[in-house]
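# Remarks on the overall topology
Now for the letters of each chain:
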Amino acid sequence: MGPHPAVAAIRLAVRRVLHDVLTDVQRSSENDPPHEQAPPPLVLVACSGGADSMALASALAFEAPKLGVRAGGITVDHGLQPGSDLRAAEVVVRLTALGLTPVESVAVDVGRDGGPEAAARDARYAALDAAAERHSAAAVLLGHTRDDQAETVLLGLARGSGIRSLSGMAAISGVAGRYRRPFLHIDRQTARKACMVQSLPVWDDPHNTDPAYTRSRLRHEGLPALEKALGKGVVEALARTAQLSRDDADALDSWATQAEATVRDAAGLLECAKLYALPPAVRRRIVRRAAIDAGAPAGSLFARHIEEVDRLITGWRGQGAINLPGKVVAQRQGGRLVIRQG
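First, a word on what this report is: a plain description of the structure on this page. If you're wondering where the values come from, they're calculated on a predicted model, not measured in any experiment.

### Describing the packing of aromatic side chains
- For the structure on display, the rule yields one aromatic pair.
- Where Tyr125 meets Tyr179, the ring centres are 5.2 Å apart and the plane angle is 90 degrees; that geometry is what we call edge-to-face. Here Tyr125, found in helix α4 (residues 116-135), pairs with Tyr179, found in strand β6 (residues 179-180); they are 54 residues apart in sequence, far enough to count as distant.
- The positively charged end of Arg11 is found above the aromatic ring belonging to Phe62, 3.5 Å away from the centroid.

### With respect to the sheet that holds strand β10 (residues 336-341)
- Spatially, four strands are ordered β7-β10-β9-β8 in an open sheet, and the strand pairing comes out antiparallel. In this open sheet, the two edge strands, each paired with only one partner strand, are β7 (270-271) and β8 (322-324).
- Note that β8 and strand β9 (residues 328-333) share three bridges and pair antiparallel. Bridge pairing links Leu324 to Val328 in β9.

### With respect to the packing of helix α9 (residues 234-260) against helix α11 (residues 280-293)
- Remark: α9 packs on α11, axes separated minimally by 9 Å, with the N-to-C direction vectors making an angle of 70 degrees. In terms of orientation, α9 lies roughly perpendicular with respect to α11. On α11, the residues touching Ala249, Leu252, Asp253, Trp255, Ala256, Thr257, Ala259 and Glu260 of α9 are Ala281, Val282, Arg285, Ile286 and Arg289.
- Classifying every residue of the contact of α9 with α11 gives eight nonpolar, one polar and four charged.

### Observations concerning the pairing of β9
- Hairpin remark: β8 followed by β9, antiparallel, with three residues in the connecting loop; positive phi at Gly326, about 80 degrees.
- In terms of strand pairing, β9 meets β10 through six bridges, oriented antiparallel. Considered in β10, the bridge of Val328 is made with Gln341.
- What sits between the antiparallel neighbours β9 and β10 is a turn of two residues, in which Gly334 has the positive phi angle 55 degrees.

### Digging into helix α3 (residues 84-97)
- With 14 residues, α3 extends 20 Å between its outermost C-alpha atoms, agreeing within 8% with the 20 Å of an ideal straight helix rising 1.5 Å per residue.
- Of the positions making up α3, those classed as buried are Ser84, Ala88, Val91, Arg94 and Leu95. Seen from one end, α3 has its buried residues packed into an arc of 115 degrees, which puts them on one side. Across from the buried face of α3, at angles greater than 90 degrees, the exposed residues are Leu86, Val93 and Ala97.
- Contacts from the buried residues of α3 go to α2 (51-63), β2 (70-77) and β3 (103-107).
- Once α3 ends, the next one or two residues include Gly99, with phi positive near 100 degrees.

Cut-offs and rules
Residues numbered from 1 in each chain as written. Predicted model: local features only at pLDDT ≥ 70, side-chain atom pairs only at ≥ 80, totals over all residues. Heavy atoms only, no water. Phe/Tyr/Trp six-rings, centres within 6.5 Å; stacked < 30°, edge-to-face > 60°. Helix = DSSP H or I, 4+ residues; strand = E, 2+ residues; numbered from the N terminus. Lys NZ or Arg CZ within 6 Å of the ring centre and 35° of its normal. Pairing = 2+ DSSP bridges. Axes fitted to C-alpha atoms, helices over the stretch in contact; angles between N-to-C directions. Parallel < 35°, antiparallel > 145°, perpendicular 65-115°, else oblique. Contact = heavy atoms within 4.5 Å. Nonpolar A, V, L, I, M, F, W, Y, C, P; charged D, E, K, R; others polar. Expected span 1.5 Å × (residues − 1). Buried < 20%, exposed > 50% of the residue type's maximum accessible area, 1.4 Å probe, protein only. Arc of directions from axis to C-beta.

Shown next as structure tokens:
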């Protein structure tokens, strides 16, 4: 008799990602000297102790040895709750019991930039990046589910963001494709069921039910209200929207990359007349990229900023310079769009 369907589903998802990681490692090592035998690649799982990441850790522990992959785990102590260090220590014990090695807990200081959720996320990813570098990990697995993807799409929609924001979380992201999300097509309930049938202890973060956090309100109030009004299947539809939006955004990004070289003069400045001739979605991508290259922080550069700069191209009436985040200034000079540090 095979494993429970929930367990089988999470193991299959992890197995596919591990195959992809191995393929990427083999490709990157094709130019290595033939006499050097590389050690088996290490894949880490980021684990909070919740159902999603514990299900992911158990599947990694089961699948990795069969593919000749080393498996380890990292838990991040954000220090936002009393006893968080003890909770992190418990997660280390659980991951070690699964057979993962190395396993470690990393404490971080959470700042305030961007609000509590964004600050915690920034601190967490910085810690995971450092751990991946420290252990020379080929990949870090994250337990984001289809439900998380649906929430991310709705948050992007509420902010009035563009199609890139609506595309949600990528299955592969980070430096050199470091982060992998095997569960984006698996619902949260499946992960919880997999933990239950395997008798895996899980921890429910009280922040996930705290209405002070936007994502928590969306999870417990917003999405249920949408399902009540529109019927079941909202989560699946939002996740599908994310994938379709990502495909479109990738195509537009590629178009913008190709078009950028055609709208610069011999000195490398952007020519407004040539920018004006481009479709708005392509033009604004070029403008956004130029602002980021000039020093504007990507996370602080919103659609309204790009729209203001875009009016220097499409609605020029002699208006002055536009101030952007990061002390970057955009202005029109002699038919050229100049974006630079102010």
